[in-house]
Amino acid sequence: MADRRLEESLRHIHPPKGARSWHGGPTVLGALRGVTPEAASWKPYPDRHSIWELALHVAYWNYRVLARISEELDFPRSPSDWPAVPEPADASAWQEDRRFVKEWHDRLVAGLESLDDHRLDEKAGNTETYVADIVTGVLLHDTYHAGQIQLMKRLARSAGIGE
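These lines cover the structure that appears in this document, whether it is placed above or below. (Residues numbered from 1 in each chain as written. Predicted model: local features only at pLDDT ≥ 70, side-chain atom pairs only at ≥ 80, totals over all residues. Heavy atoms only, no water.)

**What about the overall build of the chain?**
Phase 1 of the analysis: Each helix and strand counted, the chain has six helices and zero strands in total.
Phase 2 of the analysis: The secondary structure elements of the chain, listed N-terminal to C-terminal, are α-α-α-α-α-α.
Phase 3 of the analysis: Expressed as lengths along the three principal axes of its C-alpha atoms, the size of the chain is roughly 50 × 35 × 25 Å.
Phase 4 of the analysis: For the chain, buried positions account for 40% of its 163 residues.
Phase 5 of the analysis: Summarising the internal contacts of the chain: among those between residues at least 6 apart in sequence, 70% fall at separations of at least 24. (Helix = DSSP H or I, 4+ residues; strand = E, 2+ residues; numbered from the N terminus. Buried < 20%, exposed > 50% of the residue type's maximum accessible area, 1.4 Å probe, protein only. Contact = heavy atoms within 4.5 Å.)

As structure tokens, then:
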């Protein structure tokens, strides 16, 4: 991997063991550690997203980026972009969905690791967006939602949820 853009994006999307993010916060997977099903499904307001919904949304966008750079795949959940939380939203379903989020994270990382860095300056699929932009975009998207999840964990704890 000779292109620093790809190397740096991967370092932030999937940091080496023991490394801390520049902002001091976790990745999405790190933010999900220790989250109970109750905290995952809690919403501070009815029209806001839960941690669970945010996690599935991140998985969907990991899929979308991977699909744009590899032109393969189908996403097994719906609706797209904000997949539905399963019913019942219990401990078993939460454990399964955490594995699901990790699976799409791992698939994205593998896809980026195998990406020919010369493709960074090509258009992504049938779009006017460059591959480098969607790689940077998914990094920023994950970081943004990791911060939201961290905030939601604190709000849930303050409300006595998931302790």
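Following the structure, the description resumes.
**Digging into the nonpolar core**
Phase 1 of the analysis: Membership of the largest hydrophobic core comes to 46 residues, with the highest contact counts inside it found for Leu32, Trp104 and Leu112.
Phase 2 of the analysis: Those elements that place two or more of their residues in this core are α1 (4-13), α2 (28-32), α3 (37-41), α4 (51-70), α5 (91-113) and α6 (131-158).
Phase 3 of the analysis: Looking at this core element by element, the count peaks at 13 residues for α4.
Phase 4 of the analysis: Each residue touching Leu112, except ones within four places of it in the same chain, is listed here: Leu6, Leu10, Ile13, Ile69 and Val135. (Core = buried A, V, L, I, M, F, W, Y, C linked by side-chain atoms within 4.5 Å.)

**Some details on the side chain of Glu53**
Phase 1 of the analysis: Structurally, Glu53 is set in helix α4.
Phase 2 of the analysis: Of note is the side chain of Glu53, whose polar atom sits 3.4 Å from the side chain of Lys43.
Phase 3 of the analysis: Among the polar contacts made by the side chain of Glu53, one reaches the main-chain amide nitrogen of Ser50 at a distance of 2.8 Å.
Phase 4 of the analysis: Every residue in contact with Glu53, bar those within four places of it in the chain, is listed here: Lys43, Arg48, Trp82 and Val85. (Polar contact = N/O pair within 3.5 Å; in protein donor to acceptor, adjacent residues only side chain to side chain.)

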